[in-house]
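# Residue-level structure breakdown
Given next are the chains, with one letter for each unit.
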Amino acid sequence: LETFKIFEQHKVASPDWTTDRKVAESWIANGQIVVARRLLNSHSGNGISVSTEIASMPAAPLYVKYKKKRKEFRVHVFNKEVIDVQQKRLANGAQVAVGHNEYIRSHANGWIFARENITEPEELRSLALAAVAALGLDFGAVDIIWNEKENKCYCLEVNTAPGLEGQSLSIYANAIQKLIR
């Protein structure tokens, strides 16, 4: 919630959001999809509900208007530099897991981060840098979606404790070594 407030103050593009249930209900009444965030500090899609009907929308401290996306990225920023870009994709041959929400692109739903064959939208890196700077952070893994129809990127969140393993761990280690040399 605080992140969305700061994004708004610093004009960092992000989806429409509200804390007012009546506003979220009006979005649904107008044919929009609402993402209710029941937990404000979570991971892997925990505490997220997607609603297309007012009756099924849970009480939550934050409601976000669902924004259609063609692509989703994770952009790693460290010391005012983009050090890595990944794109969320379904794992080879995977489909969204049965019983999981098609709108939530999590590992449990069959989504992975890929580094190969990425075509970055023009504003991807600048938006990631702006999001981290707006929050006053030294680093962060920025989740950004790209809406093809609008040809526009939107920042969803900045992860301050991203899972680091394999190549991601090496990339961060190299960035830290570069800083202290």
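Right above here is the structure, for reference.
Definitions and limits used
Residues numbered from 1 in each chain as written. Predicted model: local features only at pLDDT ≥ 70, side-chain atom pairs only at ≥ 80, totals over all residues. Heavy atoms only, no water. Disulfide = S-S within 2.5 Å. Phe/Tyr/Trp six-rings, centres within 6.5 Å; stacked < 30°, edge-to-face > 60°. Helix = DSSP H or I, 4+ residues; strand = E, 2+ residues; numbered from the N terminus. Buried < 20%, exposed > 50% of the residue type's maximum accessible area, 1.4 Å probe, protein only. Polar contact = N/O pair within 3.5 Å; in protein donor to acceptor, adjacent residues only side chain to side chain. Contact = heavy atoms within 4.5 Å. Pairing = 2+ DSSP bridges. Axes fitted to C-alpha atoms, helices over the stretch in contact; angles between N-to-C directions.

### So, the state of the cysteines
Counted under the stated rule, the structure contains zero disulfides. The thiol of cysteine 153 is unpaired, and the distance to the nearest cysteine sulfur, on cysteine 155, comes to 9.8 Å.

### Some details on the packing of aromatic side chains
Pairs of aromatic rings are described using the distance from one ring centre to the other and the angle between the two planes. Evaluation of the coordinates by the stated rule reveals four aromatic pairs. Each ring, one from phenylalanine 4 and one from phenylalanine 7, has its centre 6.5 Å from the other, and the planes form 90°; the classification is edge-to-face. Residue phenylalanine 4 and its partner phenylalanine 7 are both found in helix H1 (residues 2–9); the two are separated by three residues, about one turn of the helix. Considered together, phenylalanine 4 and phenylalanine 7 belong to a single accessibility category, that of buried residues.

### A few points about the side chain of asparagine 147
Residue placement: asparagine 147 occurs in strand S8 (residues 139–147). At 2.9 Å, the side chain of asparagine 147 forms a polar contact with the backbone oxygen of lysine 68. Residue contacts for asparagine 147: discarding those within four places in its chain leaves Lys67, Lys68, Lys152 and Tyr154.

### Quick word on the sheet that holds strand S1 (residues 17–18)
Pairing in this open sheet of four strands is antiparallel, and the strands run S1-S4-S2-S3 from one edge to the other. Edge positions in the open sheet fall to S1 and strand S3 (48–51), since each of these has one partner strand only. Packing of helix H2 (residues 21–29) onto the sheet brings it into contact with S1, strand S2 (34–37), S3 and strand S4 (62–65), and relative to S4 it is tilted by some 25°.

### Some points on the sheet that holds strand S7 (residues 111–114)
Pairing within the open sheet is antiparallel, and its five strands lie in the order S7-S6-S5-S8-S9. Each edge of the sheet is formed by a strand with only one pairing partner; in this case those strands are S7 and strand S9 (152–159). In this sheet, adjacent strand axes meet at a mean angle of 30° when their direction is disregarded. For strand S5 (residues 71–78) and S8, the ladder comprises eight bridges, and the chain directions are antiparallel. Bridge pairing in S8 links lysine 71 to tryptophan 146. Across the face of the sheet, helix H3 (residues 124–134) comes into contact with S5, strand S6 (81–90), S8 and S9 while running at roughly 135° to S8.

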